[in-house]
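Topology and contacts: notes
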Amino acid sequence: MKITTWNVNGIRSLKKSVKCVLQDFSSDVVCFQETKISRSQLSEETALLDGCTSYFSYPRKQSGYSGVATYCEDKFMPENAEEEMRVDVTWIDSVGDLDCDTNIDFEGRVMITHHLMKHNDEIQRLAVINVYCPRVDPEKPERHLYKLQFCQLLQAKMHEMCLQGCSVVIVGDLNISCSVIDHCDPSDEKEFNSSAARKWLKSFLLTEVEINGENIKAVDAFRYFYPDRKEAYTCWNTKTGARLTNYGTRIDYVIVSSNLIPLLSSCEILSDYQGSDHCPVTALLKCDPVPELKVQLPPICTRLWPEFTGQQQKLNSFFQKAQNLADIHDKELSSQTFTKNKPPEKKNKQKAITSFFKNNSTSAPYVSSTMQSSKITCDKDLSVLSENSSRTSDANSFVENGADDKNSLVNSKTNGTSEEWKMLFRGPPKPPLCNKHQKPCVLRTVKKSGSNMGRQFYICAQPVGALSNPDANCNFFKWATTPKISSLK
């Protein structure tokens, strides 16, 4: 069984169709995070695909936010699926001292599919937990508690399922870099390791729990194969071009229960796959499907949704039909009125431009006569103008001494206008060169609220990266505009 996880950062913003993406991965189970789609926005082309079933979880309170989706090949069709992590309270007490509420709103962050697999002629149960863990917002302290509650429930759910005789695979975006090696810029190591979420993840991967006479713990599949590999990242800041310099973090995981280690064949980061600010992670388990077993579709499978089975129509479809009927009726009435009251007129065909040149000979006398009359009128105006000028020459003689000043004033205005036009057509000033690379900088605008909001500045055009990387941003900065002066009222 091949399992792939990928934070798509909006399933509707993918450059490829979901069908093409699934073909690229060629996986049995594909898990997407941050789909940012609600049920009403889900199209049939995305929900229903030949050869596989899909399961969507989306937030009920906020549209276009969070969301996860799991696609399963028909040969590994799940026998059950759920989008909540309801856990027995005793397991919550066993994983920490935090008072965790099992009724928290999961915001469309979880999809659990239960599968049957065969290994060494033995049928086993497998649960794939697709998760999108909350991100800690420094400006919202309540989100810290929410994230810890979510993580604690995830750990408790894994232990509970193992107690029920199920092997577990947790895939998705945890929004946590576990160790210093998983972060491009960990800064102070002591401060880095003081994060509560990071402490939880390390504890989760180290803690063993005795279940049915066997010690079970969670295993980071990638680090199981590559414990010391550096710069193995899964997420980058695409706004700063950090992917070009591989200046990122590893926050996407495949975590398996330790009883699956004998089946774990590989785990790879597909860093070259584009389409999001994250890249996919894939893992391979040495197991086979159970072909002779027919499984009933889980109730939350999209194939059973009324809108995709013809049992339910959307409300706007009724208005659309009514509008179409009204448009047809109006067109029929207008056409009938037109034929009764007004006879049809023949449309004049548009003439080709060559027809105007062909008629040049006929229009020439008209042009010449017009020019002749214009010349006569012009001569009369000139004679009147010369007569008036001779009458007023004596009256204007006293301003002869100031004529030079007047001409200089006109010339200065003309020169100023021409300079302004030159500046306009010359375009904006050339950007400065950065200190390290001696390349033109890029112009940016401050969007953060404050005294400098809307002010423009120049920075190095190179992508953000480590200071040791010669091709990375050199931190050049220069203001392009003067600061705003607030007027006192």
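See the structure above.
Here's a quick rundown of the structure. Keep in mind the model is a prediction, meaning the values are calculated, not measured. (Residues numbered from 1 in each chain as written. Predicted model: local features only at pLDDT ≥ 70, side-chain atom pairs only at ≥ 80, totals over all residues. Heavy atoms only, no water.)

Secondary structure assignment for the protein chain yields 11 helices and 19 strands. Out of the 489 residues belonging to the protein chain, those deemed buried represent 38%. When contacts within the protein chain are restricted to residue pairs at least 6 apart in sequence, long-range pairs at least 24 apart make up 68% of them. Taken as a whole, the protein chain presents about 30,200 Å² of accessible surface, with 53% of it coming from carbon and sulfur. (Helix = DSSP H or I, 4+ residues; strand = E, 2+ residues; numbered from the N terminus. Buried < 20%, exposed > 50% of the residue type's maximum accessible area, 1.4 Å probe, protein only. Contact = heavy atoms within 4.5 Å. Areas by Shrake-Rupley, 256 points an atom, 1.4 Å probe, with all protein chains shown as cover.)

A separate point is helix α6 (residues 196-206). Buried residues of α6: A197, R198, W200, L201, F204 and L205, and no others. Considered in projection along α6, the buried side chains sweep an arc of 155° and stay on one side of the axis. Within α6, the exposed residues directed more than 90 degrees away from the buried face are K199 and L206. As for α6, its buried residues are in contact with α4 (142-163), β8 (166-173), α5 (189-192), β11 (218-220) and β14 (252-257). (Arc of directions from axis to C-beta.)

Contact geometry for α4 and α6: axes closest at 10 Å, N-to-C directions at 10°. Classified by the angle their axes make, α4 and α6 are roughly parallel. Where α4 abuts α6, its residues K147, L148, C151, Q152, L154, Q155 and M158 lie against A196, A197, W200 and F204. By residue class, the composition of the contact of α4 with α6 is eight nonpolar, two polar and one charged. (Axes fitted to C-alpha atoms, helices over the stretch in contact; angles between N-to-C directions. Parallel < 35°, antiparallel > 145°, perpendicular 65-115°, else oblique. Nonpolar A, V, L, I, M, F, W, Y, C, P; charged D, E, K, R; others polar.)

On to the pattern of salt bridges, then. Inspection of every chain in the model, using the stated rule, returns 14 salt bridges. Ionic pairing is found between K36 and E34, a salt bridge with its closest N-O pair at 3.7 Å. Using a relative accessible area of 27% as the deciding quantity, one classes K36 as partly exposed. Residues participating in the shared-partner salt-bridge network are D182, D220, R223 and R250. (Salt bridge = Lys/Arg side-chain N within 4 Å of Asp/Glu carboxyl O.)

What follows concerns the sheet that holds strand β4 (residues 68-73). Spatial strand order, β3-β4-β2-β1-β16-β15: six strands in an open sheet with mixed pairing. In the strand order of this sheet, the two ends are held by β3 (52-57) and β15 (264-269), each with one partner. Across the sheet, the mean angle from the axis of one strand to that of its neighbour is 10°, orientation sign disregarded. When strand β1 (residues 2-7) meets strand β2 (residues 29-33), the two strands line up parallel, connected through five bridges. Bridge pairing in β2 places N7 opposite Q33. (Pairing = 2+ DSSP bridges.)

At E231, a residue that is not glycine, the phi angle is positive and equals roughly 55°. In this structure, E231 sits in the loop between α7 (221-225) and β12 (235-236). You will see that Q438, though not glycine, has its phi angle at about 55°, which is positive. Relative to the helices and strands, Q438 is located in the loop between α11 (403-426) and β17 (442-445). On the accessibility criterion, Q438 (49% relative accessible area) is partly exposed.

Looking now at the sheet that holds strand β19 (residues 477-479). Read from one edge of the open sheet, three strands run β17-β18-β19, paired in antiparallel fashion. Among the strands making up the open sheet, the edge pair consists of β17 and β19. When strand polarity is set aside, the average angle formed by the axes of neighbouring strands in this sheet is 30°. Bridge analysis of strand β18 (residues 456-459) against β19 gives three bridges, and the strand direction is antiparallel. Paired with Y458 across the two strands is K478, which belongs to β19.

The next point concerns the nonpolar core. One finds I3, L126, V169, V254, V256 and L285 to be the most contacted residues of the largest nonpolar core, which totals 39 residues. In contact with L285, other than residues within four places in its own chain, are M1, I3, L126, V169, L263 and L264. Grouped together as the second largest cluster of nonpolar side chains are 36 residues, Y146, W200, L205 and I216 included. (Core = buried A, V, L, I, M, F, W, Y, C linked by side-chain atoms within 4.5 Å.)

Bringing the environment of F150 into the picture now. Locating F150 in the fold gives a position in helix α4. The exposure class assigned to F150 is buried, which follows from its relative accessible area of 0%. The sequence separation of F150 and D105 amounts to 45 residues, and the corresponding C-alpha distance is 9.5 Å.

Functional significance is not addressed by these values, which are geometric in nature.
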